[in-house]
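For reference, the chains in residue letters:
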Amino acid sequence: MEVGFLGLGIMGKAMSMNLLKNGFKVTVWNRTLSKCNELVEFGASIGETPAQVVKKCKLTIAMLSDPAAALSVVFDKDGVLEQTGSGKGYIDMSTVDPETSSKICQAITSKGGAFLEAPVSGSKQPAETGQLVILAAGDKGLYEESIPAFDVLGKKSFFLGQVGNGAKMKLVINMIMGSVMNAFSEGLVLSERSGLNPHDLLDVLDLGAIANPMFKGKGPAMLKSNYSPAFPLKHQQKDMRLALALGDENAVSMPVAAAANESFKKARSMGLGDLDFSAVHEILKMTKD
Ligand SMILES: NC(=O)C1=CN([C@@H]2O[C@H](COP(=O)(O)OP(=O)(O)OC[C@H]3O[C@@H](n4cnc5c(N)ncnc54)[C@H](OP(=O)(O)O)[C@@H]3O)[C@@H](O)[C@H]2O)C=CC1
Ligand SMILES: O=CC(=O)O
């Protein structure tokens, strides 16, 4: 099966590599084209523009930073829209808001193409090991055609109905994740400042009702102030912002998420946006009497 892949950041690189290792023919494009070279060593071809990739491939996947990037790759000159049409499928796996996804869907389908949004839950390591959770919505036929690729990329795929539902599900999940990360950081700081050993806190947490892979995976690194990026903080703050907008639209009060968003914004303003989102810990560590 031949697949196009647009966007070779932390996630896109790991996902396209996985497709290559599992026998897919992959044509890649990235805004910074030099990032394609590593994939070429593993057998990928390069498309010079998103339009060229779509022209060559029946199925094209995108994994881009945010709504602006997702729109630009579709609508700008040499973009996806120039070559989509009947028989072409476009799957956007970026985390965006439902409005962005719907705008892209409308443009693609009005040219006869098929569209699926399919954001993912799971970070760099699950992307490398094909353990993502795929939250698809949109064209059911395209979803079914894409299952061989989704089976390589993820451990489970959900089809959630109409376009927008995948984006909403992803935003709700990441809103919870961002809020929990803030509470976790506060707990680490409180344990240390009140004279406890925070490593003991990690051990106790891991045995109780709120044990989770995020505490286990990120806690020890956070205690060493190691924030090597798996999920960049700037993207987590984007997700909080988009989730809060979804809350506005639906008149859902979210004071916990709003406070967490403020911490992520502060971290961004201090230049921590490219670090892992756990770097919000640095902001919470700064609070003193
Ligand atoms: N990292 C993670 O753990 C997870 C991330 N996500 C989501 O997946 C998406 C990608 O994340 P991730 O790989 O971490 O992000 P990165 O920041 O590592 O990569 C972003 C990608 O988007 C491209 N890009 C940015 N702006 C534009 C633009 N204007 N036009 C074209 N391309 C652009 C970048 O190109 P260039 O190389 O040229 O800068 C790069 O390929 C995001 O929506 C994120 O929220 C979802 C689940 C987990
Ligand atoms: O979006 C990030 C993730 O870990 O999922």
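Residues numbered from 1 in each chain as written. Chains lettered and ligands numbered in written order. Predicted model: local features only at pLDDT ≥ 70, side-chain atom pairs only at ≥ 80, totals over all residues. Heavy atoms only, no water.

A. Seen up close, the site of ligand 1. Around ligand 1 lies a shell of 27 residues, among which Asn30, Thr32, Lys35, Ser123 and Lys238 are the nearest. Within the contact set of ligand 1, an oxygen atom lies 2.7 Å away from a side-chain nitrogen or oxygen of asparagine 30. At a separation of 2.9 Å, an oxygen atom of ligand 1 approaches a polar backbone atom of serine 65. Isolated, ligand 1 exposes 900 Å² of accessible area, and the fraction of that covered by the protein chains is 89%. (Near = heavy atom within 4 Å. Polar contact = N/O pair within 3.5 Å; in protein donor to acceptor, adjacent residues only side chain to side chain. Areas by Shrake-Rupley, 256 points an atom, 1.4 Å probe, with all protein chains shown as cover.)

B. Quick look at the packing of helix H1 (residues 10-21) against helix H7 (residues 140-153). Running from N to C, H1 and H7 point in directions that differ by 110°, and their axes come no closer than 9 Å. Relative to H7, the element H1 lies roughly perpendicular. Classified by chirality, the crossing of H7 by H1 is right-handed. Across the interface between the two elements, Met15, Asn18 and Leu19 from H1 touch Ala149, Val152 and Leu153 from H7. (Axes fitted to C-alpha atoms, helices over the stretch in contact; angles between N-to-C directions. Helix = DSSP H or I, 4+ residues; strand = E, 2+ residues; numbered from the N terminus. Parallel < 35°, antiparallel > 145°, perpendicular 65-115°, else oblique. Left-handed = near helix turned anticlockwise from the far one by under 90°. Contact = heavy atoms within 4.5 Å.)

C. Representation of the side chain of lysine 218 within the structure. For lysine 218, the location among the structural elements is in helix H10 (residues 213-223). Judged by its relative accessible area of 18%, lysine 218 falls in the buried class. A distance of 3.1 Å separates the side chain of lysine 218 from the side chain of aspartate 276, its partner in a polar contact. Each residue touching lysine 218, except ones within four places of it in the same chain, is listed here: Met181, Pro213, Ala230, Asp276, Phe277 and Ser278. (Buried < 20%, exposed > 50% of the residue type's maximum accessible area, 1.4 Å probe, protein only.)

D. Looking closely at the UniProt feature "domain: 3-hydroxyisobutyrate dehydrogenase-like NAD-binding" (unreviewed entry) in the protein chain. UniProt's feature table lists "domain: 3-hydroxyisobutyrate dehydrogenase-like NAD-binding" (unreviewed entry) at residues 164-282, given in the numbering used throughout. Secondary structure over residues 164-282 splits into 71% helix and 0% strand, and the C-alpha atoms at its two ends are 34 Å apart. (UniProt positions renumbered as here; feature names shortened; annotations may be inferred.)

E. Molecular detail of the environment of asparagine 18. Take asparagine 18: it is sitting in helix H1. Once the C-alpha coordinates of asparagine 18 and cysteine 57 are considered, the two residues, 39 residues apart in sequence, prove to be 18 Å apart. Leaving out residues up to four positions away in the same chain, asparagine 18 has contacts with Ala127, Glu128, Thr129, Gly130 and Val152. A distance of 2.9 Å separates a polar atom in the side chain of asparagine 18 from the backbone oxygen of alanine 127.

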